[in-house]
Structure formats: C-alpha cells, structure tokens
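Read off the chains here:
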Amino acid sequence: MFEKLNKAVLLSFGEQVGSNSGLFTAIVDFEEVSGKLGGFKKDYTKMELVAAEGAVASLTIGSQVTVCGKTYRVADKFNDGGGMVRIPLTDSASGSAPENTDWTDI
C-alpha cells in the first residue's frame, strides 16, 4: 500500500547516499532532540536518513555511509512498519552526533 507513495517521496526529495553495498536514495532529515548536557538543557539537531527498507537491508550499526561527500556511521535503524527505515547517523571519527556541518550544502 505504501510502496508507491514511498517511491514517489524518495524520487522527489531523496539524495544519493553511498555505502559499502552501493548507492541508495534517502531523504536527509534532521531530528530535533532535547537533552541535558552537564546539567543544562540543550536542544540540538541530529542528522538521520529515511530510506526504503529493501535498499538498506544490508546496512548494520557501525556501517559507513557517505552523504554529500561526508562520511558518517549508522547509529541505529528504526523500521516504521510501512516499508521505510529511519537511520540516525553519528560522526565517523568521534561517534557523536554530527556537528559543525554546513547543512546549506544539502
């Protein structure tokens, strides 16, 4: 039921993402997160991908992906039950949420 809609959304808003398994199309999204850092409330944005379940089946936690020429690691995978998967990313060097990135390139 959702397959045609998912393909249309990915075609309209998707970016090419590289991985060890090859290229796939994903929407680059930024989740707003609230938390505490050193006892102070901190709001920040966390980068994630939204892709078709079949296209990212071989990706595992820790896999490297390349988005707009920058390398990140897969932090987790969350299936939405409708054929799409949310994939939060971490910085490939530090393992923390990507920061100091110029998102205007995306």
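Please refer to the structure higher up on the page.
Residues numbered from 1 in each chain as written. Predicted model: local features only at pLDDT ≥ 70, side-chain atom pairs only at ≥ 80, totals over all residues. Heavy atoms only, no water.

Caption draft 1: Molecular detail of the environment of Thr 25. Inspection of the secondary structure puts Thr 25 in strand S2 (residues 22–37). Given a relative accessible area of 26%, Thr 25 falls into the partly exposed group. (Helix = DSSP H or I, 4+ residues; strand = E, 2+ residues; numbered from the N terminus. Buried < 20%, exposed > 50% of the residue type's maximum accessible area, 1.4 Å probe, protein only.)

Caption draft 2: Spotlight on the nonpolar core. Grouped together as the largest cluster of nonpolar side chains are 16 residues, with contacts concentrated most on Phe 24, Leu 49, Val 65, Val 67, Ile 87 and Leu 89. Mapped by element, the contributors of at least two residues to this core are S2, strand S3 (40–52), strand S4 (64–67), strand S5 (70–74) and strand S7 (84–91). (Core = buried A, V, L, I, M, F, W, Y, C linked by side-chain atoms within 4.5 Å.)

Caption draft 3: Focus on the pattern of salt bridges. Enumeration according to the criterion identifies one salt bridge in this entry. For Arg 86, the salt bridge is made with Glu 48, and the minimal N-O distance between the two is 2.9 Å. Placement of the pair is Arg 86 in strand S7 and Glu 48 in strand S3, with a sequence separation of 38 residues. The class of Glu 48 is buried, set by a relative accessible area of 3%. (Salt bridge = Lys/Arg side-chain N within 4 Å of Asp/Glu carboxyl O.)

Caption draft 4: View of the side chain of Ser 19. Within the fold, Ser 19 resides in strand S1 (residues 15–19). According to the relative accessible area criterion, Ser 19 is buried, its value standing at 17%.

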